[in-house]
Each structure stands twice: as C-alpha cells, then as structure tokens.
Amino acid sequence: SATNAARRLAYAYTLQGAGVAVLYLSIFSAYRLYGLLTPQWAFVLLAVVCAAAAALALLQNAAALAFIGFAGGYAAPILLSTGSNAIGSLLAYYLLLNVGVVVLAYARAWRALNLLGFFASFGVLSLWMAQHYQPSDYTQVQPFVLLYFALYVLAALFYALRHRLAARVAVDAT
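Residues numbered from 1 in each chain as written. Predicted model: local features only at pLDDT ≥ 70, side-chain atom pairs only at ≥ 80, totals over all residues. Heavy atoms only, no water.

Asker: I'm lost on the overall build of the protein in this one. Help?
Answerer: When you go through the protein residue by residue, the secondary structure sums to 6 helices and 0 strands. Helices and strands appear in the protein in the N-to-C order α-α-α-α-α-α. Viewed in the frame of its principal axes, the protein has a C-alpha envelope of about 55 × 45 × 20 Å. In the protein, buried positions account for 36% of the 174 residues. The contacts of the protein with a sequence gap of at least 6 include a subset with a gap of at least 24, amounting to 72%. Summed over its atoms, the accessible surface of the protein is roughly 10,100 Å², and 71% of this surface lies on carbon and sulfur atoms. (Helix = DSSP H or I, 4+ residues; strand = E, 2+ residues; numbered from the N terminus. Buried < 20%, exposed > 50% of the residue type's maximum accessible area, 1.4 Å probe, protein only. Contact = heavy atoms within 4.5 Å. Areas by Shrake-Rupley, 256 points an atom, 1.4 Å probe, with all protein chains shown as cover.)

Asker: What am I meant to see in the packing of helix α2 (residues 39-60) against helix α3 (residues 63-79) here?
Answerer: If you want to describe how two helices pack, look at the angle between their axes and the distance between the axes. Orientation of α2 relative to α3, taken along the N-to-C sense of each, is 165°, at an axis distance of 8 Å. Between α2 and α3, the crossing angle belongs to the class labelled roughly antiparallel. Seen along the crossing, α2 lies across α3 with a hand that is left-handed. Across the interface between the two elements, F43, L46, C50, A53, A54, L56, A57 and Q60 from α2 touch L65, A66, G69, F70, G73, A76 and P77 from α3. (Axes fitted to C-alpha atoms, helices over the stretch in contact; angles between N-to-C directions. Parallel < 35°, antiparallel > 145°, perpendicular 65-115°, else oblique. Left-handed = near helix turned anticlockwise from the far one by under 90°.)

Asker: Sorry, what's going on with the environment of Q16 here?
Answerer: Relative to the assigned elements, Q16 resides in helix α1 (residues 2-33). The exposure class of Q16 is partly exposed, given its relative accessible area of 27%. Along the backbone, Q16 and Y106 are 90 residues apart, and their C-alpha atoms lie at a distance of 23 Å. Not counting residues up to four positions away in its chain, the partners in contact with Q16 are Q60 and L65. Here the side chain of Q16 touches Q60 through a polar contact of 2.9 Å, side chain to side chain. (Polar contact = N/O pair within 3.5 Å; in protein donor to acceptor, adjacent residues only side chain to side chain.)

Asker: Just to check I follow, could you spell out the side chain of D137 for this structure?
Answerer: Checked against the element boundaries, D137 lands in the loop between α5 (111-132) and α6 (138-162). Despite its burial, D137 pairs with no opposite charge, the nearest such side chain being R32 at 21 Å. Every residue in contact with D137, bar those within four places of it in the chain, is listed here: W128 and H132. (Lys, Arg positive; Asp, Glu negative; His and termini not counted. Salt bridge = Lys/Arg side-chain N within 4 Å of Asp/Glu carboxyl O.)

Asker: Would you explain the packing of aromatic side chains in this entry?
Answerer: By convention here, two paired aromatic rings are described through the distance between centres and the angle between planes. Under the criterion given, the structure shown has 11 aromatic pairs. For the ring pair F118 and F119, a centre distance of 5.3 Å and an interplane angle of 85° mean the geometry is edge-to-face. The class of F118 is partly exposed, set by a relative accessible area of 22%. A relative accessible area of 53% places F119 in the exposed class. Measuring from centroid to centroid gives 4.8 Å for F118 and F122, while their planes differ by 45°, and the two rings are tilted. (Phe/Tyr/Trp six-rings, centres within 6.5 Å; stacked < 30°, edge-to-face > 60°.)

Asker: Whenever I open this one, the packing of helix α4 (residues 87-107) against α6 confuses me. Can you help?
Answerer: Across the interface, α4 lies against α6 with an axial gap of 9 Å and an inter-helix angle of 10°. Judged by the angle between their axes, α4 and α6 are roughly parallel. In terms of residue class, the contact of α4 with α6 is made up of 20 nonpolar, 3 polar and 1 charged. (Nonpolar A, V, L, I, M, F, W, Y, C, P; charged D, E, K, R; others polar.)

Asker: Help me understand the nonpolar core in this model?
Answerer: Side chains that are nonpolar tend, in soluble globular proteins, to be buried together. F70, Y74, Y94 and L113 are the most contacted members of the largest nonpolar core, which totals 46 residues. Elements represented by at least two residues in this core include exactly α1, α2, α3, α4, α5 and α6. No other element matches the 11 residues that α4 contributes to this core. For Y74, the contacting residues outside a window of four places in its chain are Y94, L97, N98, V101, L116, G117, A120, S121 and Y152. (Core = buried A, V, L, I, M, F, W, Y, C linked by side-chain atoms within 4.5 Å.)

Asker: I would appreciate a short explanation of the side chain of N114 in the present structure.
Answerer: When you line up the elements, N114 lands in helix α5. Among all residues touching N114, those that are not within four sequence positions of it are V101, A105, Y152, A155 and Y159.

In structure tokens:
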C-alpha cells in the first residue's frame, strides 16, 4: 500500500541520515581521538560529507537527510577547533554553508533547514563575540553579518514563493 511504501521510504532516509552521522563521527574520531587525520584533512572530509548529504537529499527530496548533513557541516569547525580563534576562516566557511542552504531553499521549501542555518550561523557568531570580540574585529565581522542576514531574507522569500503565499502573508516572521 501507499502508506507502507511511504514508511519504508522514510525509514530509508533515516538510515541514510544515520550513515551520514556515522561518517561525521568516524572522521571526528580519526582526528580527535586517534590522531589519524590532520585538522585540514578532517575539515575537508567533513565538508565533503556535508556536500554529499545535501546532494543526496536534493536528489531524493529528503529534508531530514539535508538537515542531518548541514547540522554536521555547521558542527564541523566546532568539533575540529584547535582554539586558534581564526574567525575569518570560520565566517567564510559558514558563508559557504549558508549559500548552500539558500540554494536548497530555492530548490525545495525546507523551512527547518533554513532555521538550522540561521541559528547555527548567528548562534556561533554570538558565542564568539561574547568571548573574543574586540572593536578591531568590526571590519572583518560586519560584512559577514550583513551577508548572512541578506541570505536568510532571500531564503525566506524563496520559502514564500515556493508556497505561493499571498503578498500580505509572504513575510516569514522567523
């Protein structure tokens, strides 16, 4: 029946998401626990897993898989942090992830993914600012804040367009 097929498909997506999570944990363990990877290689591998999960999610229309993939992508620099306080690299990496989220927002109306990207980006930035921000960082950080904001306004517009919302309800409050 159609409901059994839908359940099997949902289960398959869950298994794929679990596979992505196992890949993230394996790469993290190889780096942090066993020293088998350099931070650069671990970072590259985690980014590749994130991109592959996003591609699979898009091809299969699997929002949960995209969410798991991007959650790992946003967590990667935190997990691999060496304490070097390289905010420029972190913000540039998150900018790439945010562009990926917005591209997916154009292709699919996955609101949870938009919210994940928004809160992960601004949450990590807020934590960094609370701990390390100096007035001299303003010119480096402010352009990223503005770009992130613009990207998520665009993602909200894509969401409204995908759902063909009327003009008076097209603004997504989140």
